[in-house]
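Analysis of the macromolecular model
The primary structure of each chain is shown beneath.
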Amino acid sequence: MKHLIAEFELLKTRLPAGVESSLVLPCLRRIQEERGYVADSDIDGLVDYLGVPRIQIEEVLSFYTQLRRKPIGRWHLQVCHNVSCSMRGAEPILDHLARKLGVAPGQTTPDGRFTLSTVECLGSCGTAPVVVVNDTYHENMSIDQLDALIEGIA
Amino acid sequence: MPELFINGQLVLAEKNQTVMQAAVANGISIPYFCWHPQLSVPGNCRICIVEVEEEKGDNWTDIACNMPVSEGMRVLTDSPVVLAHRKAMLQLMLLNHPVDCGICDKAGECTLQDYHFQYNGAPSVSRDAKVRATKFHPLSDRIVLDNERCILCSRCVRFTHEVSKSHALGIQGRGDHSLVRAVENGRFEADPYSDNVIDLCPVGALLSRSFLHKARVWYLKATPSVCPGCERGCTVQIWHRKPEWKLQALDPRQNTSIARVTPLENSAVNGPWICNKARDLARIFERPRAEHAMLSGAPVALPVAIAAAQRLIGGVEHPVALVSSWGSNEELAAFKECLGGRFASFVKQDCRFEPGEPTEDHLLIRPDKNPNTAGARKLFGDTAPAFHEQTDLVLVWGEGFDFARLPCGAKTIFLNAYQQPENARADIFLPVSIQTERRGHYTNFEGVVSAFEPCFPKDPSIADAEQLFAALAAPPEARV
Amino acid sequence: MSGTKLLMTFPVTATSHTLADYRARGGYGALKKALTQMKPEEVTHEVTAAAVRGHGGAAFPAGRKWAVVKLNDGQPHYLCCNADEGEPGTFKDRWILEHAPHLLLESMLIASYAIGVRHSFVYIRGEFDLPYRRLAAAVEEAYQAGYFGERILGTDFACDVAIFRGAGSYVCGEASALITSIEGKKGYPRNRPPRTTVRGLYQRPTVVNNVETLANVAEIIARGAEAYKQVGTPKSPGTQLVSISGHINRPGVYEIEYGYPLDRFLHEDCGGVLGGRALKAVIPGGISTKVLTGAEAESLTYDHAAFEKAGSSLGSGGMIVIAEGTCMVRLLQVMLRFYHHESCGQCTPCRDGMGWLHRIIDRIVAGQGEPADIERMYAISRANDGTTICGMGDAAGYATVAILDKFRDEFDYCIAHKRSRLDGRLEVHDHA
């Protein structure tokens, strides 16, 4: 992650002085954006750069659902199954995806293309059901629209 | 100095105290798991909740450990509301706690057991399976962690951040899948204070591997002692089998060995902590012992060796003594009185530090790895040992002397507790007792004097140095 | 249409979120007024006089929160805008972030001026993508226009803003957990005392305000408190952005003037219940608020006092409409699964209680419930009432108790007959 340090330094310009610890989450997010996950060597590099205890970074990586220490599929399909989405058809969508891809939520297809996850409320209840593909919200999803979406990205 | 009322009793508190601190200082007990007087307040166990009375009847409850005292406040620690709450908290804490008491080392000194009997006593009302987690997770080579027993009080984590400063423990994950874990770079393994988390743990989640399944604590007795590992002289408790509970074992050593070592709280020296070297005192004390007096390597009865030593001492002109920095104040005083006039005496550093042993740190560990250098130097000064051409006798008391440095032609009298090749090469060898076989005092590097008590009986063929010095100083015809 | 508007006062277009459009609407005029005509204390006084209450769920009067921060106490103060919006059913702050980011930024500048803040933060949930990009772009526009940085509008006032993205944790929407997350750690809420306004971010006085609460500040300063209070009711001045979803024909974000009748809002403004069905229940302000029966909801006006009297609250404005035919047992199951997943795990009642509640409801749904399970759920909810580090434990308890109280027959049926009386349905379909 050393090549990202210049970018990290820019983050500091709008922060108060001496709050290196605050950079932990932004740096981890940026590292993950690039690598797809956070590697052990990234953790070591971040410890050197920020001077925080290594355990703090390990804890943070284990606490936040969006951060991961292992790679996942190229396309991360995240289906919200909270209240409003379940009331507007999230469960049939989830079943459909699981059958179509042949994986259970939490798993990745053997060819490494798709990872299926269930997630909690995404703040998009008015356009339920919602599926997030990598970072993008796909709202008002029906099974047909999902099939078309998957055709499109496959 | 705010005045408040706890259960109607007037309590004088200090200005920035919490209700918990004020209660503890006044002998009023409020149950707690996560609170500890030497650590920060996380307020997560929620068992110390107390009720505060308000005039208009709108009483409120909150945790006592984070509640600042205020003038005139009326606190109730045993009201129906509080008792009901404690039962509820214990129910929740025991919800997933495995019923391991029968095989858990902590039984008998477990806060959860104690509070369950005192405040709850009811069986679980759950009929759901308990959440399973890792058991026997090796947190380090020395400590085993059972996550199912863990109540996530975070004392161990806070200890490594605030006291030992290794920052080596943390809590991974979240919710009821949270797990205490050590940092992945091995810093916990290298933390010389790691074992304090075993004492801190209120339940049987963190256990000592060396003590694992060795003994039930109620069969053991804790004898106060002083760790000889360095000049800090932390006070400790040495646990060993109670005489009335001795095992009918073939090997008598099972009843005369150290089961474990824990801190003896001491505000003047070590607070409630000790380092791992103190935990491993058995390694130091239970090395093979020298059991027989010898003359040039030939075993003889103790009185024979003493008589030979008396004659030798009586006949030399320039004797030098190397005095043990492991000697107790009493033994050192006896040497000074009995032999100090005859011998040019120097204080010897019995122990150097082992490779890899920490030399000094911010907490307890000191560079001088001997318990009573201060006591010895007070009597014998701090000049480095020196021989000259006319030195005709060297009396070495204790370990750590390099016999290659012996001046040619000098005789040797060697007093040692442990088996060493040099024992057989001394002209006169006298086996002596160790700290756990007698009482005495050490003076630490700051001048604090601490006492140790005997744990085990001494073998009759072994001498107590204190009596030995008197005997050695007597003229040869005197009987021992 | 649901009363006077204060925030949703312009048509949403492809450019309405830009600085140019915002300025054309009079944007940053309130900031100029505050910086050049008012002292910081006067700004706080105005916000207090306007009696605006927090829009994040707790409804605490914003001015009173600000007033705890002592100006000129020789230490830094911080302002954190809570854009974590994780309460299920809530998506109204998103509207402001996507369509009126400059309204938020101007308000944050005014707030920073009022309470002596040099470094402000927006904590935005990690999942929000477009709202984040719009906000980030607005921040850059604002910096370039000189609204952030040194010597703002030619005055001595200097201020920076940093956007912090969350990473998937509902509990980080709790003010002290949000602060701890900004500090680079797990989102663990903190015990009070000390309040965050006394010792918060980096142990300094910190005000955490919801996006919408802050968005009102520019309006209050622009119009003045008295004019602001002409909108809404005496005890609930102003408006609320409501996100409505579930079994409703026209879900979305609406601005309701406080005092507006709820039945009119539901049946007229939002097009009524899906398929013309009867209204079974309404979760008024995010799942952490107590459910109201359809009849109860239809009898209320939308304001704090009316909802409190009915034993519920406006919460985060996340309204979920539940049609006749929905299985409340399964609904509670989804909610308890959520709380279990999101519990930070620090304190005993929530950590062990949420898991227990979840396991019990799973068993009931699977047809393995027993009558004692109801009392267990009540007892766990009681054990979480006022005993936890943060409000999440209490909220889960209240939500559970309200559903059990009002729909007890469905639970009794499910336990006795080992299946849901309504086939476990959460969706309702319109069979024409």
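Residues numbered from 1 in each chain as written. Chains lettered and ligands numbered in written order. Predicted model: local features only at pLDDT ≥ 70, side-chain atom pairs only at ≥ 80, totals over all residues. Heavy atoms only, no water.

Things to note about the pattern of salt bridges
Selection criterion: For this document, the term salt bridge refers to a Lys or Arg side-chain nitrogen within 4 Å of an Asp or Glu carboxyl oxygen. A run of H or I in DSSP becomes a helix once it reaches four residues, and a run of E becomes a strand once it reaches two; helices and strands are each numbered from the N terminus. Note on classification: 1.4 Å probe, protein chains only; a residue is buried when its accessible area is under 20% of the maximum for its type, exposed when over 50%, partly exposed between these limits.
Considering all chains together, one arrives at 69 salt bridges over all chains under this definition. For E139(A), the salt bridge goes to R94(C), with nearest N and O atoms at 3.2 Å. Of this pair, E139(A) sits in the loop between strand 4 (136-138) and helix 7 (143-153) while R94(C) sits in helix 5 (residues 93-99), on two different chains. Given the relative accessible area of 27%, E139(A) is considered partly exposed. Note that R149(B) and D100(B) form a salt bridge whose closest N and O atoms lie 2.9 Å from each other. Pair noted here: R149(B) is in the loop between strand 7 (143-145) and helix 4 (155-162) and D100(B) is in the loop between helix 2 (80-95) and helix 3 (111-120), with a separation of 49 residues, a long-range link. In this structure R149(B) comes out as buried when scored by relative accessible area, which is 4%. Several salt bridges share partner residues, and in doing so they unite D40(A), D44(A), R54(A), E58(A), R69(A) and E184(B) into one network.

What to know about the interface of chain A and chain C
For clarity, the threshold we go by: For this analysis, residues touch if any pair of their heavy atoms sits within 4.5 Å. By convention, the term buried area covers the 1.4 Å-probe accessible surface removed from two parts as they join, with the contributions of both added. Pairs of N or O atoms within 3.5 Å make up the polar contacts considered here, provided that, within protein, one atom can donate a hydrogen while the other can accept it, and that residues adjacent in sequence are counted only when both atoms are side-chain atoms. Classification convention: Asp, Glu, Lys, Arg as charged; Ala, Val, Leu, Ile, Met, Phe, Trp, Tyr, Cys, Pro as nonpolar; all other residues, Gly among them, as polar.
Facing 39 residues of chain A, the contacting portion of chain C comprises 62 residues. Here chain A meets chain C over a buried area of about 4000 Å², counting both sides, of which 56% is carbon and sulfur. Per-residue buried area on chain A facing chain C is highest for R14(A), F63(A) and M87(A); these three make up 20% of the total on that side. Between chain A and chain C we count five salt bridges in total. Between the two partners, chain A and chain C, sit 25 residue pairs in polar contact (both at pLDDT 80 or more). The set of elements that each furnish at least two residues to the side of chain A that touches chain C consists of helix 2 (24-35), helix 4 (54-63), helix 5 (83-87) and helix 6 (90-101) of chain A. Looking at the side of chain A that touches chain C residue by residue, the class counts come to 17 nonpolar, 14 polar and eight charged.

As for the environment of H417(C)
Residues and elements named next belong to chain C. Here H417 is to be found in helix 18 (residues 408-417). Residue classification places H417 among the partly exposed positions, given a relative accessible area of 46%. On a C-alpha basis, the gap between H417 and Q368 in space is 9.7 Å, while along the polypeptide they are 49 residues apart.

Structural notes on the packing of aromatic side chains
Residues and elements named next belong to chain B. How we decide: Aromatic contacts are taken between Phe, Tyr and Trp rings whose centres are within 6.5 Å, Trp giving its six-membered ring; a plane angle under 30 degrees counts as stacked, one over 60 as edge-to-face, and the others as tilted.
In this structure the tally under the stated criterion is 33 aromatic pairs over all chains. Judged by centre distance (4.9 Å) and plane angle (85°), the rings of Y32 and W35 are edge-to-face. A centroid spacing of 4.8 Å and a plane angle of 75° characterise the contact between W397 and F469, whose relative ring orientation is edge-to-face. Separated by 72 residues along the polypeptide, W397 in strand 18 (residues 393-397) and F469 in helix 12 (residues 465-473) bring together distant segments of the chain. The same class applies to W397 as to F469, namely buried.

Topic: the interface of chain B and chain A
Listed by partner, the interface residues are 14 residues for chain B and 11 residues for chain A. Joining chain B to chain A, the criterion identifies two salt bridges. The tally of links between chain B and chain A comes to seven residue pairs in polar contact (both at pLDDT 80 or more). Among the secondary structure elements, those contributing two or more residues to the side of chain B that touches chain A are strand 8 (169-172) and strand 9 (179-182) of chain B. Among the residues making up the side of chain B that touches chain A, the classes are represented as five nonpolar, six polar and three charged.

Regarding the domain arrangement of chain B
Residue and element names in this part refer to chain B. This is how it is decided: All domain edges in this entry derive from an automatic or database-based domain assignment.
Looking at the assigned domains, one finds that chain B contains domain 1 (3-93), domain 2 (126-213) and domain 3 (293-479). The straight-line distance from the C-alpha centre of domain 2 to that of domain 3 is 43 Å. Each partner contributes to the roughly 410 Å² buried at the junction of domain 2 and domain 3, and carbon and sulfur atoms together form 70% of this total. For the interface between domain 2 and domain 3, the tally reads zero salt bridges. Our enumeration of links across domain 2 and domain 3 arrives at four residue pairs in polar contact (both at pLDDT 80 or more).

Description of the side chain of H85(B)
With respect to the secondary-structure elements, H85(B) resides in helix 2. Filtering out sequence-adjacent residues up to four positions away, H85(B) remains in contact with R46(B), I49(B) and T387(C).

Remarks on the sheet that holds strand 2 (residues 9-12) of chain B
Residues and elements named next belong to chain B. Under the convention used in this document: Strands are labelled as partners when DSSP assigns at least two bridges between them. Only the stretch in contact is used when fitting a helix axis, every axis being a line fitted to C-alpha atoms; angles between N-to-C directions are given from 0 to 180 degrees.
Here five strands make up an open sheet; going across it, the order is 2-1-5-3-4 and the pairing mixed. The open sheet terminates on both sides in strands that have one partner only, identified here as strand 2 and strand 4 (60-63). For this sheet, the mean angle separating the axes of adjacent strands, direction not counted, is 35°. Where strand 1 (residues 3-6) meets strand 5 (residues 74-76), two bridges bridge the pair, whose relative direction is parallel. Paired with I6 across the bridge in strand 5 is V75.

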